[in-house]
Amino acid sequence: MFIQTEATPNPATLKFIPGRTVLDGGTMEFSTRESASRSPLAERLFSVPGVKSVFYGSDFVTVTKDDSDWQHLKPAILGAIMEHYMSGAPLLADGAVGGDDTSDEADEFFDEADAETVDMIKDLIETRVRPAVANDGGDITFRGFKDGIVYLNMKGACSGCPSSTATLQHGIQNLLRHFVPEVNEVRPM
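First, a word on scope: everything that follows refers to the structure included in this document. (Residues numbered from 1 in each chain as written. Predicted model: local features only at pLDDT ≥ 70, side-chain atom pairs only at ≥ 80, totals over all residues. Heavy atoms only, no water.)

### Let's talk about the overall build of the chain
Counting secondary structure elements, the chain contains five helices and nine strands. Each helix (α) and strand (β) of the chain, taken in turn from the N terminus, gives the series β-β-β-α-β-β-α-α-β-α-β-β-α-β. For the chain, the residues scored as buried account for 44% of the 189 residues in total. For the chain, contacts bridging at least 24 residues in sequence account for 63% of all contacts bridging at least 6. (Helix = DSSP H or I, 4+ residues; strand = E, 2+ residues; numbered from the N terminus. Buried < 20%, exposed > 50% of the residue type's maximum accessible area, 1.4 Å probe, protein only. Contact = heavy atoms within 4.5 Å.)

If you want it as structure tokens, here you go:
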């Protein structure tokens, strides 16, 4: 088994590509050791000293570290990913194969009168923003829209990334303002 690694815009996060499907749909983030109990792979990764969070995309795993050195962490993380896939264990303890996107949608907030605007915003995020963010080892999801402000949730490599504020305010905000005049501002949640 050959696992590729890629740097991300966040120096504390590396993207690991195992060459097979990781998650059949959506994304999933584990920001604590306790939340990792749902996934045997996430538990293995959190057992590596220095691992701070784990994120699953369709064909990649991103790992965010504390102030530890990648030179020491990377071999242990590669070993944990390889052991997991060689063991044949399921990705999730309950046998599920999809991400957390449906629970994300349940937490959305916006006024019903803005439903058409929200649909346009979601479509732009889905077609133009999420693919680019996934290339960098992360994800971004719509959380809400109120008083001209779009609220987004950044996950994986994007969460805590030094360039995430610039990405939000210059890239995504400008894109949404261009196509959806009702948008005044974009904020992280």
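Having seen it, we continue.
### Overview of a negative patch on the surface
A contiguous patch of negative charge on the surface is contributed by Glu 116, Asp 119, Asp 123 and Glu 182. Look at Glu 116 and you get exposed, because its relative accessible area is 64%. (Patch = residues over 30% accessible without salt bridge, like charges linked within 9 Å, V, L, I, M, F, W, Y side chains within 5 Å. Areas by Shrake-Rupley, 256 points an atom, 1.4 Å probe, with all protein chains shown as cover. Salt bridge = Lys/Arg side-chain N within 4 Å of Asp/Glu carboxyl O. Lys, Arg positive; Asp, Glu negative; His and termini not counted. Charge placed at Lys NZ, Arg CZ, Asp CG, Glu CD.)

### Considering the pattern of salt bridges
This structure, assessed with the given rule, holds six salt bridges. Glu 83 is the partner of Arg 44 in a salt bridge, and the nearest nitrogen-oxygen pair spans 3.2 Å. One end of the pair, Arg 44, is in helix 1 (residues 40–46); the other, Glu 83, is in helix 2 (residues 70–87), with 39 residues separating them in the sequence. Here Arg 44 falls in the partly exposed class, since its relative accessible area comes to 26%. In this structure, Glu 108 engages Lys 122 in a salt bridge whose closest nitrogen and oxygen atoms are separated by 2.8 Å. One end of the pair, Glu 108, is in the loop between helix 3 (101–106) and strand 6 (109–110); the other, Lys 122, is in helix 4 (residues 115–135), with 14 residues separating them in the sequence.

### Overview of unusual backbone geometry
Phi is positive for Asp 147, close to 55 degrees, though the residue is something other than glycine. Mapped onto the elements of the fold, Asp 147 is located in the loop between strand 7 (138–146) and strand 8 (149–156).

### Things to note about the environment of Tyr 151
Its place among the elements puts Tyr 151 in strand 8. Of the residues examined, Tyr 151 reaches a relative accessible area of 17% and is grouped as buried. Distance from Tyr 151 to Val 186, taken between C-alpha atoms, is 6.0 Å for residues 35 residues apart in sequence. Setting aside chain neighbours within four positions, we find Tyr 151 in contact with Phe 109, Thr 141, Phe 142, Arg 143, Gly 144, Phe 145, Lys 146, Arg 187 and Met 189.

### Side note on the sheet that holds strand 8
Taken together, four strands build an open sheet; the order of strands is 6-7-8-9 and the sheet is mixed. Each edge of the open sheet carries a strand with a single partner, namely strand 6 and strand 9 (185–188). Relative to strand 9, strand 8 runs parallel, the two sharing four bridges. In the strand pairing of strand 9, Ile 149 is matched with Glu 185. (Pairing = 2+ DSSP bridges.)

### Considerations on a nonpolar patch on the surface
Where nonpolar side chains cluster on the molecular surface, the patch consists of Met 1, Met 82 and Met 86 and spans about 270 Å² of accessible area. When you line up the elements, Met 82 lands in helix 2.

### Concerning the nonpolar core
Grouped together as the largest cluster of nonpolar side chains are 26 residues, with contacts concentrated most on Leu 45, Val 54, Tyr 56 and Ile 77. At the level of secondary structure, the elements contributing two or more residues to this core comprise strand 2 (13–17), strand 3 (28–30), helix 1, strand 4 (51–56), strand 5 (61–65) and helix 2. Of all the elements, helix 2 adds the most residues to this core, at six residues. The residues contacting Ile 77, other than those within four sequence positions of it, are Phe 16, Leu 45, Val 48, Val 51, Val 63 and Trp 70. In this structure, Ile 121, Ile 125, Leu 152 and Leu 168 belong to the second largest nonpolar core, which totals 19 residues. (Core = buried A, V, L, I, M, F, W, Y, C linked by side-chain atoms within 4.5 Å.)

Note that every value here comes from positions in space, so none of it alone points to a role or purpose.
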